[in-house]
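# Summary of the model geometry
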Amino acid sequence: MSSAPAEPPSVPRREGGALCSSCSKARRWKLPLVTIVGLLMAQTLLYYNDNSFYGAHRWSVLQISPLRLRWFSDNSTTQSFAYSLSLGGGDGRNNTHRDSTLPCPPYPPTLKGRVQVNRNPPSLKEQERAHPELTLGGYYQPENCTARHKVAIIIPYRNRASHLTAFVHHMHPFLQRQQLEYAIYVVEQAGNDSFNRGMLMNVGVLEALKQHPFDCLLLHDVDLVPEDVRNLYTCSEPPRHMSVAMSTYNYRLPYQKYFGGVSAMTPEQYTAINGFSNKFWGWGGEDDDLFNRVRHHGLNVTRYPSEVARYTMLSHKKEKPSPDRYTNLRLGKRRFKKDGLNSVKYQILKTERRRLFTLLFVALART
C-alpha cells in the first residue's frame, strides 16, 4: 500500500503544522518588488551608457584645442567668424549644434572625378545670390555631418578680378562636394610696389588663424582651378604639393622640386618652417625657397597622381621676373630662422566679409 504524498518542502508551516499565511503574502510581494528594482537598475544603466556614448562621440569628432571653448560658446559677437555653429547661411537659419552630428565619411560619396571649368562665370553679385549656404566671409560647413577637416584657402591677390570671379565660382561647389569645413581668404596687396606673393601668404595665414582653428592651409594662386574633385583639399603628415599637372605645362610637372601654384600644409608645418620668405618682391623664387625650407626641416613632399592633380591655368599676362630672385634663393638658408612668418610686417587697411570670401586689403612693409 502506497503512502500519502509528502507536502512540498517549499510551503512554510507554523510550529504545529498549520500553514504560515504571513509568509505566503511576503512571497507574493517578493517577485513584483524584485522586478521593479531590476527595471530601475536597467533604466539607470541604459541612461548612463547612452550619455557616455554620445558624450565620447561628441568630443572625439572635434580636435582638443585651447580654442574649443570659443568654438562652443562665443555666440555674442556680431562678426561672422565667431562661428556660433550655424549650419549654413548668413541669416542665422539652422542653429543646431554641429557636435550632435556624425562625422562625414573619410572618402565622400560625391567624389565623381573630373569637373568642368567655366571660364565665363556669372558676376560676383549673381554668385552671391546663388550661395545662401555660405556664411559671410566665404565660410561653409556641411549640413548633414561634421567635417573631418577645417581648411583655410589663402589667395595672394592684386588686379585679377576676372580670375577671382572664375575661381570662387569653381571652388565653392568643388570644396562642398568634398564635405570640408572651409573659408576663403583673398589677401590683396595695396600700393604700387612689386607684388610679394610669399609675404601675402604669411599675412593670410596669420589672419586666418586668428579667426578660427583651421587644421589645414591651402596656399593657392588665384589663376589655378582644379579639374578633378578627387584632388582632396586636405593636409597629410608631410606637406603636399597639389598642382602637379597644369594645363600651361601640358599637364606635366615643370621640374622635380617645383612647389609653386597650390600647396597644402598644416599650421604646425607652416610654423615650423617659418612660412614664406618676405624677401621676394616681384615674380618668381619664393616657391623654390619654400621647398628648400621644407626639405631643410626634414620634411618630405607628397603629390597626388598627375591624372588627379590636374589644374587649368587661367590665361594672364606674365609678370616681370624679380632680378634678385636667384640671389635671394642662394642666400636663403641663412635667413630661414629670422625671415618669414615671425618677421612679416604689415597693416590691415580694410577687412570685408563678403558672401563668397573674406577680403583683406593689406599694406606691406619692406624689411
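Presented here is an overview of the structure given in this document. Please read these numbers as outputs of a predicted model, since none were measured by experiment. (Residues numbered from 1 in each chain as written. Predicted model: local features only at pLDDT ≥ 70, side-chain atom pairs only at ≥ 80, totals over all residues. Heavy atoms only, no water.)

## Remarks on the overall build of the protein
Our working definition: Helix and strand definitions follow DSSP, with helices as H or I runs of at least four residues and strands as E runs of at least two, each counted in order from the N terminus. Residues count as neighbours in contact if any of their non-hydrogen atoms are within 4.5 Å of one another. Computed by Shrake-Rupley with a 1.4 Å probe, the accessible areas treat only the displayed protein chains as cover when residues are assessed.
Secondary structure assignment for the protein yields nine helices and twelve strands. Long-range contacts, defined here as pairs at least 24 residues apart, represent 80% of the contacts in the protein between residues at least 6 apart. Roughly 20000 Å² of accessible area belongs to the protein as shown, and the carbon and sulfur atoms make up 54% of that amount.

## Overview of the layout of surface pockets
Rules: Definitions used throughout: a 1 Å grid over protein atoms alone; a cavity as a set of points that fits a 1.4 Å probe which cannot get out; a pocket as an open set with protein on both sides within 12 Å along at least five of seven lines; a lining residue as one with an atom within 4 Å of a point. Grid points are joined across faces, edges and corners, and a volume is the space filled by probe spheres set on the points. Residue type decides the class: Asp, Glu, Lys and Arg count as charged, Ala, Val, Leu, Ile, Met, Phe, Trp, Tyr, Cys and Pro as nonpolar, and the leftover types, Gly among them, as polar.
What the largest pocket holds in volume is close to 1000 Å³. In terms of lining residues, the largest pocket is bounded by 40 residues, among which Trp283, Gly284, Glu286, His316 and Glu319 are the most central. Those elements giving two or more residues to the lining of the largest pocket turn out to be β2 (150–157), α7 (286–296) and α8 (325–330). In terms of residue class, the lining of the largest pocket is built from 17 nonpolar, ten polar and 13 charged.

## Concerning the pattern of salt bridges
We apply this condition: Criterion for a salt bridge: a side-chain nitrogen of Lys or Arg within 4 Å of a carboxyl oxygen of Asp or Glu. Each residue's exposure class comes from its accessible area (1.4 Å probe, protein chains only) as a fraction of the maximum for that residue type: buried when under 20%, exposed when over 50%, partly exposed otherwise.
Tallied over the entire structure, the rule returns 13 salt bridges. The salt bridge partner of Arg114 is Asp228, with a shortest N-O separation of 3.5 Å. Remark: Asp228 occurs in the loop between β5 (224–226) and β6 (240–241) and Arg114 occurs in the loop between α2 (68–73) and α3 (124–129); sequence separation between them is 114 residues. We classify Arg114 as partly exposed; its relative accessible area is 49%. For Asp228, a relative accessible area of 0% corresponds to the buried category. Across the salt bridge formed by Arg335 and Asp339, the nearest N and O atoms sit 3.1 Å from each other. Each of the two residues, Arg335 as well as Asp339, counts as buried. Counted as one network, the salt bridges with shared partners bring together Asp289, Arg293, Arg335 and Asp339.

## Concerning the pairing of β2
The following threshold applies: Here, any two strands with at least 2 DSSP bridges between them count as paired. Orient the strands so they point away from the viewer, and a crossover whose first-strand-to-second-strand path over the helix runs clockwise is right-handed.
In terms of burial, β2 is largely enclosed, as eight of its eight residues are buried. With burial as the criterion, each face of β2 is covered, one bearing Lys150, Ala152, Ile154 and Pro156 and the other bearing Val151, Ile153, Ile155 and Tyr157. Two elements, β2 and strand β3 (residues 181–189), share eight bridges in a ladder whose sense is parallel. Within the sheet, the bridge partner assigned to Tyr157 lies in β3 and is Glu188. What joins β2 to β3 is helix α4 (residues 161–177), and the crossover it makes is right-handed. Strand direction decides the pairing type here: β2 and strand β4 (residues 216–220), joined by four bridges, are parallel. Its bridge partner lying in β4, Val151 is registered against Cys216.

## Regarding the environment of His149
Within the secondary structure layout, His149 lies in the loop between β1 (139–140) and β2. In the structure, His149 is positioned 30 residues away from Gln179 in sequence and 8.5 Å away in space, judged by C-alpha atoms. The contacts of His149, once residues within four sequence positions are left out, are Leu180, Glu181, Asp215 and Thr234.

## Examining the state of the cysteines
Our working rule: Criterion for a disulfide: a pair of cysteine sulfur atoms within 2.5 Å.
Counted by the stated rule, this structure contains two disulfides. Here Cys104 engages in a disulfide with Cys145; their sulfurs sit 1.9 Å apart. Taking the torsion about the S-S bond as the criterion, the Cys104 to Cys145 disulfide, at about 85°, is right-handed. Here the residue Cys104 occupies a position in the loop between α2 and α3, and Cys145 occupies one in the loop between β1 and β2, the gap between them amounting to 41 residues. Here the two residues Cys104 and Cys145 agree in accessibility, since each one is buried. One disulfide bridge connects Cys216 with Cys235, the sulfur atoms lying 2.1 Å from each other. Judged by the sign of its S-S torsion, about 80°, the cystine formed by Cys216 and Cys235 is right-handed. Here Cys216, found in strand β4, pairs with Cys235, found in the loop between β5 and β6; they are 19 residues apart in sequence, far enough to count as distant. Each member of the pair, Cys216 as well as Cys235, is classed as buried.

## Some details on the packing of aromatic side chains
For the record, the criterion: Within 6.5 Å between ring centres, the rings of Phe, Tyr and Trp (the latter by its six-membered ring) count as paired, and their orientation is classed by plane angle as stacked under 30 degrees, edge-to-face over 60, tilted in between. Each ring is checked for a lysine NZ or an arginine CZ that lies within 6 Å of its centre and within 35 degrees of its normal; such an atom marks a charge sitting over the ring.
Per the counting criterion, the structure on display carries six aromatic pairs. Measuring from ring centre to ring centre gives 5.4 Å for Phe174 and Tyr233, while their planes differ by 75°; the resulting arrangement is edge-to-face. With Phe174 in helix α4 and Tyr233 in the loop between β5 and β6, this residue pair connects regions lying 59 residues apart in the sequence. The residues Phe174 and Tyr233 share a single accessibility class, namely buried. Their ring planes at 75° and their centres at 5.5 Å tell us that Tyr255 and Tyr258 sit as a pair that is edge-to-face. Its end group placed over the ring of Tyr251, Arg310 keeps NZ or CZ at 3.8 Å from the ring centre. The side chain of Lys350 reaches across the aromatic face of Phe361, ending 5.8 Å from its centre.

## Comments concerning the side chain of Arg310
Inspection of the secondary structure puts Arg310 in strand β10 (residues 310–313). Residue contacts for Arg310: discarding those within four places in its chain leaves Arg114, Val225, Pro226, Glu227, Asp228, Ala245 and Tyr251.

## So, the pairing of β4
Counted residue by residue, β4 has five buried out of five residues, so it is predominantly covered. Residues of β4 alternate between two faces, with Cys216, Leu218 and His220 on one and Leu217 and Leu219 on the opposite face, all of them buried. Where β4 meets strand β8 (residues 262–265), four bridges bridge the pair, whose relative direction is antiparallel. Directly across from His220, in β8, lies its bridge partner Val262.

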